[in-house]
Amino acid sequence: MSAVLPSSAPDLASSHPLLRTWLARPFAAVMGILNVTPDSFSDGGHFDAPERALAQATRMIAAGADIIDIGAESTRPYKGAEPVTADAELARLKPILPAIVALGVPVSIDSMKASVAAYALDQGAQIANDVWGLQRDPAMAEIVAAHGAPVVVMHNRAEVDPEIDIIDDMVRFFARSLDIAAKAGIPAGHIVLDPGIGFGKTAPQSMTALARLDEFKRFGLPLLVGASRKRFISTVVASEPQERLGGSIAAHLIAVQRGAAIIRAHDVAETVQAVRVAAAIEAQR
């Protein structure tokens with residue numbers, strides 16, 4: 001593979017200006033999750049009406065969200081998500097995306113479809129968030145490159161395999177994604193890596209990915225972690241998605257300690273408070 005695998009921290013000078021702003025701060029950025037879907041695992045149907053989606057985005061921004069991540073197809077990391085066509089996904093996005101963009105906070109589009117990402121980026125979204133790491137839709141890398149946008153490259157697997165070395169699998173997956181990105185002309189400084197907590201992984205594998213997150217620093221790219229309300233939490237303490245705030249914050253603070261620069265969360269106010277207080281405490285060492 002032709003992807004270069006550096007072993008240093010992200011280079012601020014070569015990073016996309018949007019990423020550079022967050023990387024220069026002493027605390028992690030928080031990406032607020034906005035699912036305009038009927039079937040997302042934690043909040044499906046809560047924000048699928050435009051007025052409710054706009055109100056939720058406004059609340060998250062007031063709570064300190066640095067990014068609003070809008071998704072119109074459930075990519076829940078378990079069986080049961082219903083695939084939708086690009087037309088159906090766009091039908092959910094079109095009534096709300098321009099209003100979310102107009103709020104003035106950077107918007108990312110959570111989609112595995114290049115046509116949906118292209119529409120959102122054309123409408124003013126600034127980041128592409130691909131849960132298949134540029135490896136599902138062959139046009140995605142070209143769309144991202146053409147728009148000069150940052151892209152979140154997430155690790156994923158079609159099937160869970162408890163026998164594999166999950167870290168090795170993730171390293172190989174990211175190397176493939178970076179090779180695709182390089183061939184499409186996406187600068188390395190525009191790429192963020194996401195370990196894909198819960199996606200194609202057993203609960204122990206998800207926890208291993210968090211515990212060993214710092215091993216992905218070898219790529220020299222920013223790391224994003226979204227452990228919010230994920231099922232692995234309930235394997236430690238039995239809980240429903242809405243009851244996993246404590247576990248989500250614990251996982252996210254460990255992720256920040258291991259090098260995560262962006263945290264993707266449902267509970268924005270609590271997450272912002274946690275990452276900023278932790279950073280303030282660390283600054284006193």
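Note that this is a predicted model, so its numbers are computed, not measured. Residue positions within a chain follow its written sequence, with the count starting from 1. Thresholds applied to this predicted model are a pLDDT of at least 70 for local features of residues and 80 or more for the giving and counting of side-chain atom pairs; totals over whole chains, interfaces and linings are not thresholded and use all residues. As a convention, hydrogens and water are excluded, and side-chain values are obtained from all of the structure's heavy atoms.

Draft legend 1. The arrangement of the nonpolar core in detail. The biggest cluster of nonpolar side chains holds 67 residues, and the ones touching the most others in it are Leu-34, Ile-70, Ile-191, Leu-193, Phe-216 and Val-225. Secondary structure elements follow DSSP: runs of H or I of four or more residues count as helices, runs of E of two or more count as strands, with numbering from the N terminus. Ranked by the residues each element gives to this core, the list is headed by helix H7 (residues 166-184), at 9 residues. When near neighbours in sequence (up to four residues on either side) are disregarded, Phe-216 contacts Ile-167, Met-170, Val-171, Phe-174, Ala-209 and Leu-223. The term nonpolar core refers to a set of buried residues drawn from Ala, Val, Leu, Ile, Met, Phe, Trp, Tyr and Cys, joined through side-chain atoms within 4.5 Å. Relative accessibility under 20% of the residue-type maximum defines a buried residue, over 50% an exposed one, and the middle range a partly exposed one, all with a 1.4 Å probe and only protein chains included. Listed in part, the 12 residues of the second largest apolar core include Leu-18, Leu-19, Met-31 and Ile-127. Residue contacts are defined here by distance: any two heavy atoms, one from each residue, within 4.5 Å place the two residues in contact.

Draft legend 2. Structural detail: helix H8 (residues 203-211). When H8 is considered as a whole, its buried residues turn out to be Ala-203, Gln-205, Ser-206, Ala-209 and Leu-210. On an axial view of H8, the arc spanned by its buried residues comes to 165 degrees, and they lie on one face. Structurally, H8 contributes buried residues whose contacts are with H7, strand E7 (223-225), helix H9 (232-236) and helix H10 (245-257). Working note: the arc is built from the helix axis to C-beta atom directions.

Draft legend 3. Representation of the packing of H10 against helix H11 (residues 268-282). Axes here refer to lines fitted to C-alpha atoms; in helices the fit is confined to the stretch in contact. Angles between the N-to-C directions go from 0 to 180 degrees. Viewed as axis vectors pointing N to C, H10 and H11 meet at an angle of 40 degrees, and their least axial separation amounts to 10 Å. By the angle between their directions, the pair H10 and H11 is classed as oblique. As for the relative orientation of H10 and H11, their crossing is right-handed in sense. Across the interface between the two elements, Leu-245, Ile-249, His-252, Leu-253 and Val-256 of H10 pack against Glu-270, Thr-271, Ala-274, Val-275 and Ala-278 of H11. Gly falls in the polar group here, along with every residue not listed as nonpolar (Ala, Val, Leu, Ile, Met, Phe, Trp, Tyr, Cys, Pro) or charged (Asp, Glu, Lys, Arg). Residue classes in the contact of H10 with H11 are distributed as 7 nonpolar, 2 polar and 1 charged. Oblique is the label for any angle not under 35 degrees, not over 145, and not in the 65 to 115 range, which are roughly parallel, roughly antiparallel and roughly perpendicular in turn. Two helices cross in a left-handed way if the nearer one is turned anticlockwise from the farther one by less than a right angle. They cross in a right-handed way if the turn is clockwise.

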